[in-house]
Structures are given as C-alpha cells and as structure tokens.
2 protein chains.
Amino acid sequence: MAEAKTRAERIALKVRRKQRLVRVALGEEKADLVLKNADYINVFTNEICHGDIAVANGLVVGMGENYAGETEVDVSGKIVAPGFIDAHIHLESSLVSPAEFARAVVPHGTTTVITDPHEIANVCGMGGIDYMMAASEGLPVDVHFMLPSCVPATPFEESGATLSWRDINAYFDHPRVLGLAEMMNYPGILSGNRQTIEKIVVSQAHHKKIDGHAPGLSGKALNAYMSAGVYSDHECDTLENALEKLRKGQFIMIREGTAAQNLEALMPLLTEQYAHRCMFSTDDKHPADLMEKGHIDYIVRKAIALGADPITVIKVASHYAARYFLLNNKGAIAPGYLADFVVLDDLKDVNVHQVFKRGQCVFDADNGAQALVNRPDIDPDMAACVLNTCHLPPVTADKIALHDAPVIQMIPGQIVTQDGGRAAGVNAEADILKLAVCERHHNTGHVACCYVKGYGLKRGAVATSVAHDSHNIIACGVSDEDLLTAINGLREMGGGMIVAENGVIIARLPLPVAGLITDRPLQEVNAELEACKRAACDRGVHEGVDAFMNLSFLSLPVIPSLRLTTLGVFDALKQEFVR
Amino acid sequence: MAEAKTRAERIALKVRRKQRLVRVALGEEKADLVLKNADYINVFTNEICHGDIAVANGLVVGMGENYAGETEVDVSGKIVAPGFIDAHIHLESSLVSPAEFARAVVPHGTTTVITDPHEIANVCGMGGIDYMMAASEGLPVDVHFMLPSCVPATPFEESGATLSWRDINAYFDHPRVLGLAEMMNYPGILSGNRQTIEKIVVSQAHHKKIDGHAPGLSGKALNAYMSAGVYSDHECDTLENALEKLRKGQFIMIREGTAAQNLEALMPLLTEQYAHRCMFSTDDKHPADLMEKGHIDYIVRKAIALGADPITVIKVASHYAARYFLLNNKGAIAPGYLADFVVLDDLKDVNVHQVFKRGQCVFDADNGAQALVNRPDIDPDMAACVLNTCHLPPVTADKIALHDAPVIQMIPGQIVTQDGGRAAGVNAEADILKLAVCERHHNTGHVACCYVKGYGLKRGAVATSVAHDSHNIIACGVSDEDLLTAINGLREMGGGMIVAENGVIIARLPLPVAGLITDRPLQEVNAELEACKRAACDRGVHEGVDAFMNLSFLSLPVIPSLRLTTLGVFDALKQEFVR
C-alpha cells in the first residue's frame, strides 16, 4: 500500500508527470508509444485526420505532428477510434466476474463500462458493491459505477438488503462512482415518495448523474420525473417516446443487449440532429450473446450496416457517453486524453484489430488474440461477503405442497405474463407446472408456490438463484421430488443454475459469488450454461423460451401481470397480491 | 444568517422542494410562472418548439403541455431563448461594480457571466477576489469565477499581490468557482515552470476547468500546452489558428469585446461542424461599448447578420458555454433547468423584450426598461480591503527627472509598440512626451520614466491607476508640473483617471475600489470617463488613440515590444530591461 502523502507531495508528483508530458509533446523526449501514420477519428470536427499519435504516461500528448517513440506501431490503412463505452450495463448479467468480463470484451474494443451493481446489491447490499469495486480495479476496461437506486426494487419481494440514501451516500467520494443508477421507481417519484427522492437529492448534492428507467413515460409525468432530476433513459423502444424524452432534455441510451434490442427502432436518432444526446448501452449481456455477437462493436457494426454515418456512430459509442458522464479525459483522441484506442480494419465491418488501454496494447488480433488482463487482489474478508449467500433451511415437501392456486401464463418471446386463471395441480400434459420461490437471504423459510403455463417442461425440474430482482431461488418442475432436488441442490451448491430429474442433478452451473456470478472464464461458463439449457430443452422446455432467463423474470414484481415472489402471487397491474 | 443545519435536514428540505416541483409538473399545483404560447428554442433538437413553459421554485418544470400559473405571461409571437452567457470577461473592465454591471447587461439578456478577477487580484490579491465574490452575490446575473492564474502577470513588474497554488486552492470549494482563468503564461508551461504547472494540477485535483490564453500557439507547442491541461482559448484571431486548436480538442471562445474583435474572422466556426465547441466572450467591455452596442446580444445580432444560423448562434451564446463550464442546469429550456430566459422580438434584430432570471422578470422593455437589481451586502471589513489602495508617497519632481532615455513608439490603432530609439527631453511639438509609472501597492517609492511617441498630448498630463496588469499609476505629460499634479491628484483620489493642466485637475473619474472600479451607475461613470477623454483629446491626444485604454497597456510587459514598468523600460521581445 502507498505511503500517505501530503497534499503538497501529491501536487509535486503530478507536476513532475506533467513536465514530462510537456517535454514529450514538444518532441524533446521520446514518447512511450507512437501510432505511426494513423487515420484517426476526430470527434471534434467529424473528420478523419492523419498523422502520428504520441502517448506518454498513458495519455495522448500529440497528434498530427511527427513523433518518435520507444514503441512505434505502424497503423497505416487502419482506422483509430477512441475506445468504446457501454453507458449502462449490469455486469452480473454476464455471469462472470469483472476481470473475466474484461477479458471477453477487450477484444471487442470496449475500454470503459458504466455498471449498475443492482443484482449483487440486492443479494449482498453494500458488501456486493464493495466486492464489485474491488474486483474491477486495475482492469483493461475501466469500470465506473452508478449506485443502485432501487434495492429492493419493490416492497413486494424479499431482497438480501435494503439501501437507503445514507448507504449510497458513502460511495460518492470514490473516483469511479459517477452517480445514481436507473431510477426505475418512477411511480415513487411521481407520488413524491420521500425515500425515493432522497436518493436523487443526495446524488445531486455530490454533483453526480442520475440515470433514468421509465418505459413509455410521457407528457406531464415525464416533466415531473425530469424535474425531480432524472436526465437519461435507456428504456426507449419507440422513436416517438425517445424523441419526446430527447426533446425535453434527457440523454438517450440506445439499448441493444441480450434481453432487449432497441437499435432498429431508434436508428433515426443516429443523425446530426439527435446523436449528440445519445449513447449505446447493452443493459444485460449474456455469455453466448457476448461470444457470438460482441459488445459495443456489434452495435456500431449494426448501426453502420443499417445506414448511419460511421463517424456519428463512433461518437455515440464513445464521445457522447464520456460527455454525459463527465469523463473529461475519455471519448476523444486529443492531447491530455487517455490513450484508449480501438484500431479497426475499416468502418464497414468494424473488425477490431488492436486495442490500447492507457497506451498499452491489451489486444492484438495478429498475436494470439488474448486480451491482457490482470486479476485484481481482493481483500479476503470482502470476498467472503459475497460467498455462501444461500441462507435458507433445506426445503421440505410440505413447503411446496399446493392444491388450488393461480396460474401464471407465459407469453412466447416476451417477459410479460398474463393471468392464467387457477389450477388444482400439476398437469405436464397440459403444460401446467409447479413454480416455487424460496427466500434465500435471511433464513426466513419463506416459500411461495403457484402454477405456471407456457414453460413446457415434461420431466424434472429447473432452478436458478438468478431471479430478478431479489435473486431468491426460483424453480419450476413437474414433480415435487425433482423440485426439491433442484432447490436443495442449488442451496448446497451456493447458488447458480441447475437441472434435476429423478433425484439426480443432470446439469449445473455453479455461481458461487452471490449466487449470480463466478470468476471462471466466460467460455467455460457459457459451455456449462448451454449444457444446462440443453438439459432443460431435452426435458421439454419450449423453443423460444430461455429456460433460465425467462424463469428468472417470473419473480420480478414490476412487470405485468402475474409474478411469484417469496410472499405469494403478485399482480403487478393491480399492485397487490392475489389471494 | 441561516442556522447551521445537519445534512439530513438539508436533504429533507431539498426533498420537499422537489416534491413541489413534481406536483407542479404534474399539474396538481399551480406554477409560479407560466410563459403562455411560447415559441422557444430547443437546444437539444435545434428546432423552435411551441407551448407553455411552466416554472416553479425558479426552475422550469414543464414545457409543451398546458399549464396554469400564479403569474401568466403571454409571449405569443416572441422567441424565448435560454439566458445568454459571457464565457470570459474581466468585470473590472466595465469600471463598475458587479451590481452596476448587472444593471447594465440584464437588459441585453445576459443571465450568466464567467469572470476572471485578474485586475483586482493584481491590486488586492485574495482580498480582491473575496470582494468580487461578495459583491456579485444574489444578482440577476449569475457571476461565476475563474481564479486568476497569473498574478503577477510577469516577474518584471510590481503587483499588489502574488497568488500561489496554495492561495487559489482555498477558493475551489466555493460553488461559483469554476476553475483556473486564462493561463497566459504559456512560455512558463512550455518550459516546465513548476509554479505555473502547480496551479493547473491543483485545479484539476478539484475537477475544475482551466482556460487558456495563447495567441497563435500551434504545432507541438500547442500539443504541449494542451497536454498540461489547458482546454480553451479566447485568443484566436485567425480561422486557421482557431481550427487547429479546435481540431486538437480546445474549446474556442469567440471573442468580440472592446479591446479585441474576432467574430468576423471566426464566422466559419458558427456552423454545425464546429459550433458545438464554441462560445462567446467579450474579455474586456468598456462602459461606452456596453451602452452603445450591448453585450452578448450584440454578438448574437452581428453573427446572425453575418449569415450564421440563428439557432446555432443562440446555442453558442448559451448552451455550449454552459456545457463547457459544467453548468448543468443552464443553457437550455427544459425541466429542471434554471428559468433564465431572454424573450426576443425575433431572431433577426435580436431585440430583447423581457428577461427572466430564476423565473423572476428582471427586465421588461415595455415597463420602464429598468433592470431589477438588489445590491448585495458586503462585509465592511471585506469592503475596506479594496478601498484606499494607492499606497505611495507623494511623488516629487526629482523622482520624474529624466534626460537621455528610451522612446516607446506607439502604433495607431494597435496596442503593440515599437522601439522608438532614444530622446534627451520632452518635445511636445515632435510628439515626444514623458511617461511615468509609479508603484502604488507597497510604498516602495519606485518610479520609472521614459519617453513615448505617438500619444499626441500638447498640454497637461493624463494619469490612470488602471494600468495592466499590475495597475500601478501610469501617467503621460508634457510638463513635470502637470505630471505631478495628475499623479498626486490620482493618489489623493484613491485611484481612477485624471487629466491635469497648469496645476489644476481638469477632469477626473474616481475609481475608489482598488483604483479600478466604482459602485456608481454605468451611465454616470461613462459620462465622467467621456469628459476625461474629451479633456485629453482637447489637449491634443491623437484621434484613434484611446487616451486611457492605450495608456493603460503601455505598462503591460507581455506585449511587444517596449513597455514601461515600475522597474524600468522592458523589451518584451528580448524579455529584458533596456539599459
């Protein structure tokens, strides 16, 4: 650990660093790195400029003029762009630790992400935020944080923690904390709920950003939401709603991720008139999707293929996100900015050739294509906070006994559900299965059950500890025996995903960190996840239903209409439990 | 004074305010003010939108929708724009206190200025900054501060104070302090001067802006200056230099003030491609210029007349300046933004019809045309710091005795000078006059003299305590008697401007605050200043020479070639004193 320094010592050190920047910029001293003969994107003038790019101490010190460097990389014929930024993601959605996430996205040109640790905070509270910060220190992807605004998401579920303004207030001094994450409780804002507005007030007191989440909000309600201080939105799925929000002053995060894809609908925003208020976001990004499509580079590629101006798209993918989040040394290639570069083969296919982070080459397609990632050291006591988070007694048959109960009707291809009436028992032939949600944070022993229609399972049971937003254990099965095997197997495993049949665990993906993520490589995790999905599909889960993702949303009581929480079946439209 | 409140109390108060904003935005409660039927400029989409603008607690809470208000103002047929921002001005150049400056510029639509109290800091040091902050509290023009970076401007003159990084560091916590003002000591940066770079480092440590001042700087030297952390410039007088700076990432302040006018040369910046990196600045604005031409509205009018797109110009005059300075609630008409509006008759003549500051009408052309200004209370001890600042012993004839000495040759219409050789005595016929600079801050008794050619005076003497940048007393005269009358008259007056002849003071403008400004109304000050100028012109000062402004620059040792400081004649090109 660094010795404590006086302010004057810190100033003196920084002055010496700046003196070196000046000498290198003047050409009096060799640069650390020079990208020779670069065609680079100038975000200030919307043009492609040509010349050397000189780097010292991880910062750009000069472009255009001729420079010599300790390392010189000829990038003739390539296009150099500022590193890509994901403006809003829940890193937990990748199922891997931040280091493994970085290893996966660096080859796609991502050098900065803004994450909302909403999932892990719902399980581990501040300990979860602490872990994510420690686990994302010093990576080749800068991980900035927006603090979870809605833990728990609603009062109708049992989360592992509750975060008040006093809790989040403790984090604003951290240099990687940029603000308050998606304020999804817009009904709370509109009704003047004190606890909800307090979090905005305390964020503003620290001059931090407040992100929004308000699908379809419009008119005076939108005015009120904005007046409270919410200046972005990533939930626009129609151009009309996006334009109203943009026109009123919100920044629009164009979301194109695993669970939701809005790029095509919002393509008209990628024009001179609107693009300066836009950025890209994935929100959720699952392992297979990351591996198959890529990350922000995929959105860039798709937007260009759909006809947007490439320089405009690159600016949305970097510059405008940096401006919104006040990341003053990011999102441009210019003296004083971080030397975060993506070297692209061209602006059509957007193939990533090399990636530089603070002037260091962290990915080279010609050279083994392995991203350079150092795993951060995590304090063992902090790491312990996020392990062994399945705090529930073994579930017994009496806990999941069920007769007459409501049926949640799933809708193919959507996460909204319908009221499916009632049923008196499981009937796999008629696709009526038992659904159970088991509280796993505080050993309450709370278990709630109902029926679900539309999942498709004909044999066995499926269970997961990734269950939005409180991440209790949710399980769906044909027989009580299989349900108990899956639930208790998951309990013993410490969380993850599981498929069981006839008392045997058929497939499993352990997610030891908060029951949400693991620090194994993305490829391994994806292989096990795919094996789990295959095991579920082999047992009848409908095509078009993601055996785990769709299951995980069945406990989220903010999406219409019926959901199952640890407290019972909840009607999200009526905002009340079904008796 | 407000009672000390706990953090929780402050949060609770702010929550209640936000709850009201929400209710008003929703239409559940009447707004304080509604501009009905407004055509307002939407800076997010570059369009003119139509509808009501509702205001509560000084903030916009809704636009577009229909709202009812306690006060309703029909603005049909007018154009509503966000209040104008002057991105860089030395308020002292107006010769009046901030309150009187505000009274003068509010009718021109200015609602925010960013001032650099460089002049008063050179006289009174931190006491001068303290005074300007206190004197600009609660005005209808928000006065933000950039901290003087170069006090004194050079080591070759004797200023009233020296400001180190430790001095300026004390100010960064003030909410109206936005950063470090024009870093004109670019040679210091390029040579790695520690004291110069320290000020940048400490400003960056507070996440504050650093403004530049580097006429003509280019190539690697510009790269080095920017690498040190300087991200704006208001000294561009050619498009070429402006474009290089903009392309490399500097923000360009297009300056159009009294001493320098760059708008015409920089008109091509006012286009979609470049305007987003530009703002307007006056730098210096003298009383007559303010009264005759106006302020930022004059620049807007001129730019539109020269062919720029009106909405682009309005954005440069408000939105982009607010973005650069991170004034997040300024520069747009949108929910949550300050209700700072300029109501214009149209976008051609740009006549200001009404001005609203935080929702209050502070100027109405139909209603007496008097701006509403409350003078702030200033602590008497703080006010005393800036009064009686002429600390020099009475100047006697022996102090200004002179025989063979260098001649400073003035150039018509410019502030640069030439080496005029040497002279042996005053010769009014040949336009060779005596020039004296008397140290007035520390009673050193330092007086330096030389000759000046090109001023034109045939009788009497002219003296001023506004003398860049150290603001000692500078005087020019035909006879020693008149010089002593003028200098000692100024000394007794406590600073200002004066014309004397035959032992009598002919005309005078007292500037009791630091010898730089007064808190009398601009009209009165201008009348006295004009009388002084007329008295000087009557005594022979050449047409095309501003008797006081041109005189005041003769002591500024950063402008080529010859200057006179309290220490002697200085060659700014050779950076040495003339023997």
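Everything quoted here is computed from the prediction, not taken from an experiment.

J.: What am I meant to see in the overall build of chain A here?
T.: What chain A contains, in helices and strands, is 18 helices and 27 strands. Here chain A has a C-alpha radius of gyration of 25 Å; the compact-globule value for 579 residues is 25 Å, and the two agree. For the C-alpha atoms alone, the extent of chain A along its principal axes is close to 80 × 50 × 50 Å. Every one of the 579 residues in chain A was classed for burial, and the buried ones make up 66%. Of all intrachain contacts in chain A linking residues separated by at least 6 positions in sequence, the fraction that spans at least 24 positions is 68%.

J.: Sorry if this is basic, but what is going on with the interface of chain B and chain A here?
T.: Note on interface size: it is often stated as the accessible area lost on association of the parts. Counting from both sides, the interface comprises 68 residues of chain B and, opposite them, 68 residues of chain A. Of the roughly 5,400 Å² buried between chain B and chain A, counting both surfaces, carbon and sulfur atoms make up 60%. Among the residues of chain B in contact with chain A, K18, F44 and K220 of chain B are the three that bury the most area, contributing 12% of the side total. Applying the counting rule to chain B against chain A returns 4 salt bridges. Here K248 of chain B and E65 of chain A are joined by a salt bridge, their closest N and O atoms 3.1 Å apart.

J.: Please explain the packing of aromatic side chains as it appears in this structure.
T.: Two measures describe an aromatic ring pair: the distance that separates the ring centres and the angle between the ring planes. Taken as a whole and judged by the stated rule, the model has 18 aromatic pairs over all chains. With centroids separated by 6.1 Å and ring planes inclined at 65°, the aromatic side chains of F44 of chain B and Y337 of chain B adopt a geometry described as edge-to-face. Here the residue F44 of chain B occupies a position in the loop between β1 (31-42) and β2 (47-56), and Y337 of chain B occupies one in the loop between α14 (319-324) and β14 (341-344), the gap between them amounting to 293 residues. The burial state of F44 of chain B is the same as that of Y337 of chain B; both residues are buried. Every member of this aromatic cluster is reached through a ring pair, and the members are F44 and Y337 of chain A together with Y231 of chain B.

J.: Mind showing me how you'd approach the relation of the copies chain B and chain A here?
T.: Superposing the two chain copies requires a rotation about an axis and a translation along that axis. Mapping chain B onto chain A is achieved by rotating through 180° and translating by 0.0 Å along the same axis, at an RMSD of 0.0 Å. The transformation just described matches what one would write down for a two-fold rotation axis. Taken as a fraction of all interface residues of chain B, those also at the interface in chain A reach 100%, which identifies the copy contact as same-surface.

J.: In this structure, what is going on with the packing of helix α8 (residues 219-227) of chain A against helix α1 (residues 7-26) of chain B? I would like to understand it.
T.: The description of two packed helices rests on the angle between their axes and on the distance between the axes. At a minimum axis distance of 8 Å, the contact between α8 of chain A and α1 of chain B shows a crossing angle of 165°. The orientation of α8 of chain A relative to α1 of chain B falls into the category roughly antiparallel. α8 of chain A and α1 of chain B meet at a crossing whose hand is right-handed. Of the residues in α1 of chain B, those touching α8 of chain A at K220, A221, N223, A224 and S227 of chain A are K18, L21, V22, A25 and L26 of chain B. Its residues placed into classes, the contact of α8 of chain A with α1 of chain B shows 6 nonpolar, 2 polar and 2 charged.

J.: For this particular structure, what's the right way to read a positive patch on the surface?
T.: A surface patch of like charges, here positive, comprises R7, R10, K14 and R17 of chain A. By the secondary structure assignment, R10 of chain A is in helix α1 (residues 7-26).

J.: Could you clarify how one ought to interpret the state of the cysteines in this entry?
T.: When the sulfur atoms of two cysteines share a covalent bond, that bond is a disulfide. Residues and elements named next belong to chain A. Across all of its chains, the model carries 0 disulfides over all chains by this definition. Unpaired in terms of disulfides, C450 finds its nearest cysteine sulfur in C449, a separation of 7.7 Å. Here C450 falls in the buried class, since its relative accessible area comes to 0%. Between C537, a cysteine without a disulfide, and C532, which holds the nearest cysteine sulfur, the sulfur-to-sulfur distance is 11 Å.

J.: Where do I start with the pattern of salt bridges in this structure?
T.: Any two side chains of opposite charge can pair, on the condition that their charged atoms come close. All names here are of chain B. Under the defined criterion, the tally for this structure stands at 68 salt bridges over all chains. For the salt bridge of E100 with R103, the shortest nitrogen-to-oxygen distance reads 3.2 Å. Within this pair, E100 and its partner R103 are both found in helix α2 (residues 98-105), separated by 3 residues, close to a single helical turn. Using a relative accessible area of 2% as the deciding quantity, one classes E100 as buried. On the basis of relative accessible area, R103 is assigned to the partly exposed category, the value being 25%. One salt bridge connects R459 with E501, and the closest N-O pair in it is separated by 3.1 Å. Taken together, the positions of R459 in the loop between β20 (447-453) and β21 (461-464) and E501 in strand β23 (residues 496-501) put the pair 42 residues apart, joining distant regions of the chain.

J.: Any chance you could explain helix α16 (residues 480-493) of chain B here in plain terms?
T.: Residues spaced three or four apart along an α-helix face the same direction, because each turn holds 3.6 residues. All names here are of chain B. Between its first and last C-alpha, α16 extends 19 Å over 14 residues, near the 20 Å set by a 1.5 Å rise per residue. When you tally the buried positions in α16, you get 10 out of 14 residues, the bulk of the element. Listed in full, the buried residues belonging to α16 are D482, L483, L484, T485, A486, I487, N488, G489, L490 and M493.

J.: Is there a simple way to explain the pairing of β2 of chain B in this structure?
T.: Looking along a regular strand, one sees side chains alternate from face to face of the sheet. Residue and element names in this part refer to chain B. Counting buried positions along β2 gives 8 out of 10 residues, so the element sits mostly inside the fold. Examined bridge by bridge, β1 and β2 share 8 bridges and lie antiparallel to one another. Paired with V34 across the two strands is A54, which belongs to β2. What sits between β1 and β2 in their antiparallel hairpin is a turn of 4 residues, with N46 showing a positive phi close to 55°. Bridge analysis of β2 against strand β3 (residues 59-64) gives 5 bridges, and the strand direction is antiparallel. Residue pairing across strands places V55 opposite V60, the latter belonging to β3. Linking β2 to β3, which pair antiparallel, is a turn of 2 residues; within it N57 sits at a positive phi near 50°.

J.: Help me understand helix α13 (residues 310-317) of chain A, please; the structure alone is not making it clear to me.
T.: Within α13 of chain A, 7 of the 8 residues are buried, leaving the element largely enclosed by the surrounding structure. Residues I311, T312, V313, I314, K315, V316 and A317 of chain A constitute the buried set of α13 of chain A.

J.: Got a minute to help me understand empty space enclosed by the protein in this structure?
T.: Left-over empty space is what a probe sized like a water molecule reveals as it rolls over the atoms. Residue and element names in this part refer to chain B. Counted according to the given criterion, the structure contains 7 cavities of 30 Å³ or more. Estimated volume of the largest cavity: approximately 240 Å³. What lines the largest cavity is a set of 22 residues, and nearest its centre among them are S93, L95, H286, V466 and M497. The set of elements that each furnish at least two residues to the lining of the largest cavity consists of α17 (522-538) and α18 (549-553). The biggest single contributor to the lining of the largest cavity is α18, with 3 residues. Here the residues of the lining of the largest cavity are counted per class, giving 10 nonpolar, 7 polar and 5 charged.

Reading the values: the criteria
Residues numbered from 1 in each chain as written. Chains lettered and ligands numbered in written order. Predicted model: local features only at pLDDT ≥ 70, side-chain atom pairs only at ≥ 80, totals over all residues. Heavy atoms only, no water. Helix = DSSP H or I, 4+ residues; strand = E, 2+ residues; numbered from the N terminus. Rg over C-alpha atoms; globule rule 2.2 N^0.38 Å. Buried < 20%, exposed > 50% of the residue type's maximum accessible area, 1.4 Å probe, protein only. Contact = heavy atoms within 4.5 Å. Buried area = accessible area lost by both parts, 1.4 Å probe. Salt bridge = Lys/Arg side-chain N within 4 Å of Asp/Glu carboxyl O. Phe/Tyr/Trp six-rings, centres within 6.5 Å; stacked < 30°, edge-to-face > 60°. Least-squares fit on C-alpha atoms with pLDDT ≥ 70 in both. Axes fitted to C-alpha atoms, helices over the stretch in contact; angles between N-to-C directions. Parallel < 35°, antiparallel > 145°, perpendicular 65-115°, else oblique. Left-handed = near helix turned anticlockwise from the far one by under 90°. Nonpolar A, V, L, I, M, F, W, Y, C, P; charged D, E, K, R; others polar. Patch = residues over 30% accessible without salt bridge, like charges linked within 9 Å, V, L, I, M, F, W, Y side chains within 5 Å. Areas by Shrake-Rupley, 256 points an atom, 1.4 Å probe, with all protein chains shown as cover. Lys, Arg positive; Asp, Glu negative; His and termini not counted. Charge placed at Lys NZ, Arg CZ, Asp CG, Glu CD. Disulfide = S-S within 2.5 Å. Expected span 1.5 Å × (residues − 1). Pairing = 2+ DSSP bridges. 1 Å grid on protein atoms, 1.4 Å probe; cavity = no way out; pocket = protein on both sides within 12 Å on 5 of 7 lines; lining within 4 Å. Points joined across faces, edges and corners; volume = space filled by probe spheres on them.

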